[in-house]
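# Examination of the molecular architecture
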Amino acid sequence: MDVRLGNGYDVHAFEAGDHVILCGVRIPHHAALKGHSDADVGMHGDRNELNSAQLIKSYLKHPLMTLKIISAIHFEAFKLWLKGIRLVKKKLNIKNNLTVEN
């Protein structure tokens, strides 16, 4: 299964004009938005391939993000521990032990 998901935003400058168009609605304004077809949309998306190379690139671009996330997870677990919630190991009943390889 190929899953691609992303989020982003654009910033557009103003130029000479007498109105702004946002989401297709004309609004009187002392300037207009400078941009192409995406200058007036509320939100738009782009598709980016999600593969090992993109994950490595993202990790190198934000090297401390992984540490930040792991620290946040452990901090939340510590708060639960302080409240008296304990880890209970659950025995798994495996009916079929199958391995699927491509």
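Residues numbered from 1 in each chain as written. Predicted model: local features only at pLDDT ≥ 70, side-chain atom pairs only at ≥ 80, totals over all residues. Heavy atoms only, no water.

### A word on the overall build of the protein
For the protein, the count of helices and strands is two helices and four strands. Listed N to C, the secondary structure of the protein is β-β-β-β-α-α in terms of helices and strands. Sorting the 102 residues of the protein into buried and exposed places 5% on the buried side. Relative to all contacts within the protein whose residues are 6 or more apart in sequence, the contacts with residues 24 or more apart total 14%. Just so you have it, the protein exposes about 10,300 Å², and 60% of that area is on carbon and sulfur atoms. (Helix = DSSP H or I, 4+ residues; strand = E, 2+ residues; numbered from the N terminus. Buried < 20%, exposed > 50% of the residue type's maximum accessible area, 1.4 Å probe, protein only. Contact = heavy atoms within 4.5 Å. Areas by Shrake-Rupley, 256 points an atom, 1.4 Å probe, with all protein chains shown as cover.)

### Details of helix α2 (residues 65-82)
Given a rise of 1.5 Å per residue, 18 residues ought to cover 26 Å, and the 26 Å separating the end C-alpha atoms of α2 matches this to within 8%. Taken from the residues just after α2, Gly84 is the one with a positive phi, measuring 95 degrees. (Expected span 1.5 Å × (residues − 1).)

### With respect to the pattern of salt bridges
Applying the stated criterion across every chain, the model contains two salt bridges. The residue Asp18 makes a salt bridge to Arg26 at a minimum N-O spacing of 3.9 Å. In this structure Asp18 comes out as partly exposed when scored by relative accessible area, which is 49%. Between Lys79 and Glu76 there is a salt bridge whose closest N-O contact spans 3.2 Å. (Salt bridge = Lys/Arg side-chain N within 4 Å of Asp/Glu carboxyl O.)

### Side note on the confidence of the model for the protein
The predicted coordinates ought not to be read in detail in places where the model reports low pLDDT. Put simply, the protein has an average pLDDT of 76, and 69% of its residues get 70 or more. Per-element confidence in the protein ranges from a low mean pLDDT of 80 for helix α1 (residues 52-61) to a high of 87 for strand β1 (residues 14-16). (pLDDT = per-residue confidence, 0-100.)

### Points about the packing of aromatic side chains
Taken as a whole and assessed by the stated rule, the structure comprises one aromatic pair. A centroid spacing of 5.9 Å and a plane angle of 25 degrees characterise the contact between Phe78 and Trp81, whose relative ring orientation is stacked. Here Trp81 and Phe78 lie together in helix α2, a separation of three residues that amounts to about one turn. (Phe/Tyr/Trp six-rings, centres within 6.5 Å; stacked < 30°, edge-to-face > 60°.)

### Describing the environment of His12
In this fold, His12 is placed in the segment before β1. The class of His12 is partly exposed, set by a relative accessible area of 24%. A C-alpha to C-alpha distance of 6.3 Å links His12 and Leu33, two positions 21 residues apart in sequence.

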